[in-house]
Structures are given as structure tokens and as C-alpha cells.
Amino acid sequence: MALLPLRTVRLPTAAEQFYDGWLADLEAQLAAPKADWYRLTRELLFQIYHPGLPEYDALLQDPATSDATRVALLGLDPRNVTMEPEYYAEVDADRFARVKPLLWLWQSFDRSPLGHNVHLGVRFRRLLAQHIFARVGRNFKAFQYVEFSFGYNMEVGDDVVVHRNVLLDDRGGIVLGDRVSISDYANIYSHTHSIVDQKDVTNARTVLEDDVRITYHATVLAGVRVGKNSMVGANAVATKDVRPYHVNVGIPAKSIRVKPNAPPEAYVSERVGRRDREP
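Residues numbered from 1 in each chain as written. Predicted model: local features only at pLDDT ≥ 70, side-chain atom pairs only at ≥ 80, totals over all residues. Heavy atoms only, no water.

Asker: Give a detailed account of the packing of helix 2 (residues 37-49) against helix 5 (residues 93-110), specifying residues and quantitative values.
Answerer: Where helix 2 contacts helix 5, the axes come no closer than 9 Å and their chain directions differ by 10°. One finds that helix 2 runs roughly parallel with respect to helix 5. Residues Trp37, Tyr38, Thr41, Leu44, Leu45, Ile48 and Tyr49 of helix 2 lie in contact with helix 5, whose contacting residues are Ala97, Arg98, Lys100, Pro101, Leu102, Trp104, Leu105, Ser108 and Phe109. (Axes fitted to C-alpha atoms, helices over the stretch in contact; angles between N-to-C directions. Helix = DSSP H or I, 4+ residues; strand = E, 2+ residues; numbered from the N terminus. Parallel < 35°, antiparallel > 145°, perpendicular 65-115°, else oblique. Contact = heavy atoms within 4.5 Å.)

Asker: Give a detailed account of the packing of aromatic side chains, specifying residues and quantitative values.
Answerer: Throughout the structure, instances matching the rule amount to 10 aromatic pairs. Geometrically, the ring pair formed by phenylalanine 133 and phenylalanine 140 is edge-to-face, given 5.6 Å between the ring centres and 75° between the ring planes. An identical accessibility class is assigned to phenylalanine 133 and phenylalanine 140; each is buried. Look at phenylalanine 133 and phenylalanine 148: their rings are 5.2 Å apart centre to centre, the planes differ by 70°, and that puts the pair in the edge-to-face class. A residue pair is termed long-range when its members are at least 10 positions apart, and phenylalanine 133 in the loop between helix 6 (118-132) and strand 1 (135-136) and phenylalanine 148 in strand 3 (residues 147-148) qualify at 15 residues. We note that phenylalanine 133, like phenylalanine 148, is buried. A connected cluster of aromatic rings, assembled from ring pairs, spans Tyr88, Phe96, Phe150 and Tyr152. Taking the ring centre of tyrosine 88 as reference, the NZ or CZ of arginine 171 above it sits at 3.7 Å. (Phe/Tyr/Trp six-rings, centres within 6.5 Å; stacked < 30°, edge-to-face > 60°. Buried < 20%, exposed > 50% of the residue type's maximum accessible area, 1.4 Å probe, protein only. Lys NZ or Arg CZ within 6 Å of the ring centre and 35° of its normal.)

Structural data, given as C-alpha cells:
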């Protein structure tokens, strides 16, 4: 199997410099002591989706503006929309109100033409993550269409990569260790519903330890701990803890092998349902 490290790709110098300046300005606005993230989101999305048009309020109040256009303009302002996590009974309303505009900005940016610009998009999302997550380490990389529940229950280590169309349901909390990689269309959950009553919800923190890989279309259920350097294979559903250095596949996911770089203790068999007896 060939070793294929990522290539270095550069944009024209003038474009890179402009993006650098735009992101630096956005970073300063987000970090300002009295920053209004709702207004900032509205204005930024207005500029992205309707470049060159008159000022937002003037266009909204112009009698010549059609009803459909007014609806579209209102939807740029996070104050005028609701998001699914707001309806969850356990939401911390104050904490969610704080991050809501940035979640809306993240999702709306991704659905704009700019969202597919990898050079810009990765850095844009990294900047927002610093203000949304409980913790985020260096060099966080998220591609387009990654979605969260609350966002504020995310703890992310260094050099984490999250690929396209990933759901990170952090209702009960998600911890991603250093160098975690989550592939396209994976789902990581931290809440579950009773099979008797759907309104009976249990939140449980889900942990992916250092160097974990969650591969394409895989699912990790609430409360599962995926051990260091382990892997959950494509389309697998991890319903129970995954042991360090083990590769788990299937539904439900089970260990099929141990990685060749595993330490000796990774090969020790588990004892299930057994207690030591006194002589």
C-alpha cells in the first residue's frame, strides 16, 4: 500500500493575503469585549449571499422589496430563526443563546459558495470553534457540513480532523482526543432515547481517545469510550467501548483484529462476567 501524504496547495499570493486580512478582521470583531455576534452574523451573511446590494435594514424596509426577499433577509439574522437544539428540554438557554449566532454562521457559510473553498473554510471554522467549543486545541480542521447539537459541550484536542457531513451530537458531551480523525458521514452521539418512551432521554458523555479513527458512515452511540489508537470501521455501529488498538467492525461493532503497532497489553483477553473466587 502506497504512503500518500497530503500535498501542499497554494493560492495566488494576492488571494491568500486578502483572506488573511479578512479572517484577522473577523477574529478581532469576534473577540471584541462588547461584540454583538448576532448582528455580526447577520451582516456577514448579507455580504456573502447578497454582495453589492444596499444596506440590510434599508433593503428590508423598502416597499419595493418582495415578500420572498424579505423572508430570505430575515433568515440571515439568527434572532429570526430557531434551531433544533433550542427545543431540547436540557438545553442551557443562556449558553446556547451565546453560541447560536456562530452555529448559524457556520452552517450558513458552509451552504454558500465560500464553504467549498478548503483553504478559507478550514480556517474560518477553526476560528468559530474557538468561540463555540468548551475547548479546542491547535490545528483543528473541519470540512463542510459538520453539525453539532449545542456546540458548547465539545472538547477537542490537538490536530483533530473532521471530514464532510459529520454529526457531532454533543447533548451529553463529546470529547475528542489528540489526532482524532472522523471520516465522511460518521455520527457521534451522546444521547439516547428509551425504547418505551421517546421523551425519556439519557445523556452520556462519549469519548474518543487519542489517535482514534472513525471511518466512513460509522456510528458511535452515547456513552461509548473508543480507546486510544483504535478504529471503528466503515458502516460499523459502536454500541460498547472499543479497546485501545483494536479494530471494530460490524453491527454491533466487534473487534476483528489488533493493530500491529499495539503494545503487548492490547492483546490480553477481556474477562467477561467473571469474579475472582477465594480459595
